[in-house]
Amino acid sequence: MNANLLEQLNESQRQAVEYCDGASLVIAGAGSGKTRVLTYKIAYLLHEKGLKPWNILALTFTNKAAREMKDRIARLLGELDGHDSDTARYLQMGTFHSIFARILRAEAQQLGFNSQFTIYDQADARSLVKSIIKEMALDDKVYKPSSVSDQISMAKNHLILPQAFGDSSLFDHRKPKVGDIYIRYSERCRQANAMDFDDLLVYTYRLFQEHEDIRRKYVEKFHYVLVDEYQDTNIVQQAIVLQLTRERQRVCVVGDDAQSIYSFRGANIDNILNFRDAYDNARLFKLEQNYRSTQLIVQAANSLIRKNERQIPKDVFSNNEHGEKLQLKPAYSDREEALIVCNDIQRIRRREKAEYSDFAILYRTNAQSRSFEEQMRKQNIPYRIYGGLSFYQRKEIKDVIAYFRLVANPNDEEALKRIINYPSRGIGDTTVNKIVNAATTYGVSLWTIISQPVLFRLDVSKGTATKLEAFRQQVEGWAGRMAGEDAYKLGHAIIMESGVSKDIYSSHNPEDISRQENLEEFLSGMQDFVESRREEGLEQQVSISDFLQEVALLTDLDSDGNDEGPKVSLMTVHSAKGLEFPTIFVVGLEENIFPSPMCTDSIRALEEERRLLYVAITRAEKHCILTCAQNRFRFGRMEYDTPSRFIRDIEPSLLQVESQTTSDDADYGTQRLPWTQQRSRYREDSNQQNAHPVASQFKADPMPRAVPRRTEEPAPSPFSESFKQQIVGARARQFKPVAQAKPVAQPPAAPSAQTQGELREGCTIEHQRFGIGSVVKIEGTGENTKATVNFRNAGTKQLLLKFARFKVIG
DNA sequence: CACGTCACTGTTTTT
DNA sequence: CAGTGACGTG
C-alpha cells in the first residue's frame, strides 16, 4: 500500500514526497501536481512516518484550498487500510490567518488582548484610519484613508512596528504623519480589543518572539510544517515559519516563483528565491511536467514568462496532446467582447458537449464583469461571479454582524459606531463624536465611556444619557445570554429585539425584499453552522462568538455554489490561482487594464503583471482565448484603448489572431499591429451594406472623444401647449409651501404644535410627502417629540414633530 | 434629527 | 457610473 501510494507519482514528485529529513523547497511549475505532492506527502507522513495528524501543520492561502486538500487526504487515507476517515480532520490545516487566529485566541492574554477579540476587516481598518485622520485634523487629500491604511498594512507585512515607521524605508517625507497615524491606529485597535488581518500575523510573530516558552510549546506541537503557495508569503509569514521550524528543519514549502502575484499584499518573491539561505542543507525539487494543459498552451505560457528577468530557471513541458494555438480575438467594444466570448462558449459547448462549468472568464479587475453579466443574462447562460462584494459585505449582513460583534466584544469600536444609531434610536453624530472624544482623551474604549458616562464627564443631555443607557443595557442583556443560548437562537433574538428586523421588514419596495431574503439566508446559514458544529460534537454549545470567528475569515470563494446546475465562472485572475478549466477566456488585454496603469512605471511591478497573465493562461486545459476591446465604457464614458504589450510577448507562432466576421484567420506573425488592421476594416465595413453586425451598432456613435452635443429644445408639437401647462401647474404646486412660508415668517414649530395635541398612537395622518400612514409610536417630549409612522406607500418613517408637515385625519 | 439632492471624485489585485 | 460627503429641507 505504501508502494501503492508512491506509484501514483512521477519520479520528481516521488522524491519530493519521500524526503522528510530536512527542509525542502518544491518548485512546482503550473499544473505540475503541486497539490498532489502536498497531499501525498501528508498522507506519507501519517501512514509511513507515523506522525499524528495534530502534529502536522499545513498552511494554505485560501480556506478552499485547505478544505480541498483535507478532502483529498481523507480519500487517500481511505484507500490505504488501517486509517479511519476521521484522521484528516485533526490535521492542523488552514490559512495562515485562520490557524494563527486560533493560536492568538488561546494566548491572547499574553499580548494584552482577550480571547474574544474582533478581527477587523479591510473596511473596518479604513474606517478607523479615516476617523483618526479626522481627529488629528489632517488633510484627507494628502492623507487619503485608504492609502494610509494600505501603508500601515504594508508596514506590518514588513514587520515594521509603529514606533519604527518613521525611520523605515516606507517613510515618505510628503506624508510625515503616517507614522503617528499608525501609532494611534494600533492603540485604538488595542482599546477596541481588535486585530486586523495583518495583526494576526504580526502578533503571532511577536508572541513567539517575546515568549520563548510559548514558541517552544508550538514547536513541540508541530513536528512537520508544510506551506503551500510559498511564493506569496510575506516577510512576517516567512519569519513565523522559521520560528516554528528552526530547530527541526522539518519543513516543506511548495510554490512557483513564476506565479508570485501578491506583492501588493506584501508578498516577497525573495522568500522563495532565497529559501535555501534560511535553512542549512535545504533540498530543492523541481516539478516540471505539466499535466494540465496542452503542449501549445504550455509553450505559449513559457514564451511569455521568459520575458521576465528574475526567476528560478525551469523547463515546464507537457506530454498531453499538441492542442491548438492560443487565440486572440480583438473586439470593437467591451460589449462586443462579451458577445464574442458568449458565442464562443455556446459554440464550444455544443461542439465538444461541454458543460457550462468547463468555462471560466478571467479579468484583471472586478469591474470588468459587468458587460459579461449583461450578455450572459441576455443569452440565458448560467454564470457565477466569484469575488467582488461577497455576501458578508452587504450592508444588511454587516449590520447584523456588527451587533453580534458588539455583543461578543463590547469594546469593538467599529461595530459600535456602525449600529449605535441603526435602527435610529436618537443617538446621532454629535453624541458619537462626544463619546469618541472622551474615549481618546482618557485612552479607553467607547464602550467604557458609555458604561460610565458620569465618571468620564460625558457631556450629553439627560434625554441622550437615557437613550445611551438603554442601549447599553440591551447589549449587556444579549451578552449575558451568550453562554446559555446558541448562536442561532441568540442571533435571531438580536435581529428581532434590536429593531433591525422591523426596519427591514416594514417596507415593501423591491430592494428591501432582497435585503429580507439575504437576511433569511444569513440566518439559515447560521442555523446550518450551529447544527454542523453540533454534529461534529466538538463543542456542546455553539455560541455567537464561535460563529463570528468562522465568519471573519471567510471569503466569497469559500461559499461554494451548492446551488443547482453547472455555471460559467467569472473571476479575477488573482482569485483563479490554483484553479483549472478546460476553456479559459482572458479578457480585457489592453494597456490601462492589463497591465494595470499603476504597474507600468517599475520593472518589478510590470514583471508581476506578466506573471499574472502567465497564471491566467496556465489555468487552461484545452482552449485559451484572449480578447481585447478597442473601446471600453469606463467612468461613464467611452474610452479608447490599445492592445496590451503582453500580446507581443507571446511567441507569434503560438498565437492566432482571429477576426469575428470572416473565417480567414490571419497569422499574428504577419500582423504586428492587429488593431490598426481591425480598425480600418471596421471603418470600411461601416460604409458598406454588409457591415459588421456588431460594429455597425457603434457606427452611429460619434468618436469617443467627441464633445457631447447639448440636446435641443423639443420642437413645438400639438401637445406642447397642454404639456406646458402641466409643467407650470406642477411647478406652482411645488413652490407653494415655500411661497407661503416666506411672508408669514413663522417658526416652523407653529403649525405642528397645533397638530401635536391631537396626535396619538394609533391615529392616522396624512403627510405632505409620504401620504397616508398610521402612527405607531410617539416618544420624547417638547422639541424632541418624535413619531414613528407606518406609511402605506412609503414604509416606516420617524418624524420629528417640530418639523413634520402633516395633518391628522383619523 | 433624518432624509433627499447634488456635486464630486476616483478606479487593481485580497487573506 | 457608483459611492461619498456637504448641504438644505421638513
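Use the structure listed above.
Residues numbered from 1 in each chain as written. Chains lettered and ligands numbered in written order. Predicted model: local features only at pLDDT ≥ 70, side-chain atom pairs only at ≥ 80, totals over all residues. Heavy atoms only, no water.

Caption draft 1: Representation of the protein's contact with DNA strand B within the structure. As a structural note, the neighbourhood of DNA strand B is formed by 26 residues, with His97, Arg364, Asn366, Thr555 and Phe635 the closest of them. Within 4 Å of the protein, atoms of DNA strand B come from sugar and phosphate in 49% of cases. Arginine 265 places a polar side-chain atom, nitrogen or oxygen, 3.4 Å from a sugar or linking oxygen of DNA strand B. Within the side chain of arginine 364, one N or O atom sits 2.4 Å away from a base oxygen of DNA strand B. In the surface near DNA strand B, the residues fall into seven nonpolar, 14 polar and five charged. (Near = heavy atom within 4 Å. Polar contact = N/O pair within 3.5 Å; in protein donor to acceptor, adjacent residues only side chain to side chain. Nonpolar A, V, L, I, M, F, W, Y, C, P; charged D, E, K, R; others polar.)

Caption draft 2: Local environment of the pairing of strand S16 (residues 620-634). Within S16, 11 of the 15 residues are buried, which leaves the element mostly enclosed by the surrounding structure. Here six bridges tie strand S11 (residues 326-333) to S16, and the two strands are oriented parallel to one another. Across the sheet, residue glutamine 327 finds its bridge partner in S16, namely isoleucine 625. Across five bridges, strand S15 (residues 581-586) lies against S16 in parallel orientation. Across the sheet, the residue bridging to phenylalanine 581 is alanine 620, located in S16. By the bridge criterion, four bridges tie S16 to strand S17 (residues 637-640) in an arrangement that is antiparallel. What sits directly across from arginine 632, in S17, is glutamate 639. The hairpin turn running from S16 into S17, its antiparallel successor, is two residues long, and phenylalanine 635 in that turn takes a positive phi close to 45°. (Buried < 20%, exposed > 50% of the residue type's maximum accessible area, 1.4 Å probe, protein only. Helix = DSSP H or I, 4+ residues; strand = E, 2+ residues; numbered from the N terminus. Pairing = 2+ DSSP bridges.)

Caption draft 3: Main features of a negative patch on the surface. Together, Asp528, Glu531, Glu535 and Glu536 line one region of the surface with negative charge. Accessibility expressed as a relative area gives 39% for glutamate 531, which makes it partly exposed. (Patch = residues over 30% accessible without salt bridge, like charges linked within 9 Å, V, L, I, M, F, W, Y side chains within 5 Å. Areas by Shrake-Rupley, 256 points an atom, 1.4 Å probe, with all protein chains shown as cover. Salt bridge = Lys/Arg side-chain N within 4 Å of Asp/Glu carboxyl O. Lys, Arg positive; Asp, Glu negative; His and termini not counted. Charge placed at Lys NZ, Arg CZ, Asp CG, Glu CD.)

Caption draft 4: Up close: the sheet that holds strand S8 (residues 283-287). The strand order S3-S2-S6-S7-S1-S8 describes an open sheet built from six strands, whose pairing is parallel. Because the sheet does not close on itself, it has two edges, and the strands there are strand S3 (92-95) and S8. Averaged over all pairs of adjacent strands, the angle between strand axes in this sheet comes to 15°, irrespective of strand direction. In the sheet, strand S6 (residues 224-227) pairs with strand S7 (residues 251-255) via three bridges, with the strands oriented parallel. Looking at the pairing, valine 227 lines up with valine 253 of S7. Contacts between helix H5 (residues 96-107) and the sheet are confined to strand S2 (56-60), S3 and S6, with S3 contributing the most and set at about 120° to the helix. (Axes fitted to C-alpha atoms, helices over the stretch in contact; angles between N-to-C directions. Contact = heavy atoms within 4.5 Å.)

Caption draft 5: View of the packing of H5 against helix H10 (residues 212-221). Put simply, H5 and H10 touch, their axes get as near as 13 Å, and they point 135° apart. By the criterion of interaxial angle, the relationship of H5 to H10 is oblique. The two elements H5 and H10 cross, and the hand of that crossing is right-handed. Of H10, the residues touching H5 (which contributes Ile103, Ala106 and Glu107) are Ile214, Lys217 and Tyr218. (Parallel < 35°, antiparallel > 145°, perpendicular 65-115°, else oblique. Left-handed = near helix turned anticlockwise from the far one by under 90°.)

Caption draft 6: Looking closely at the pattern of salt bridges. Overall, the coordinates contain 49 salt bridges when judged by the stated rule. What emerges from the salt-bridge pattern is a single network uniting Glu135, Arg184, Arg188, Glu413, Glu414 and Lys417.

Caption draft 7: Representation of the environment of lysine 217 in the model. Along the chain, the position of lysine 217 falls in helix H10. As for lysine 217 and serine 424, which are separated by 207 residues in sequence, their C-alpha atoms are 49 Å apart.

Caption draft 8: The pairing of strand S14 (residues 568-572), seen in detail. Counting buried residues along S14, five of its five residues qualify, which places the element largely inside the surrounding structure. Where strand S12 (residues 359-363) and S14 come together, four bridges link them in parallel fashion. Bridged to alanine 360 within S14 is serine 569. Where strand S13 (residues 383-385) lies against S14, three bridges are found, and the strand directions are parallel.

These figures come from the coordinates and say nothing about function on their own.
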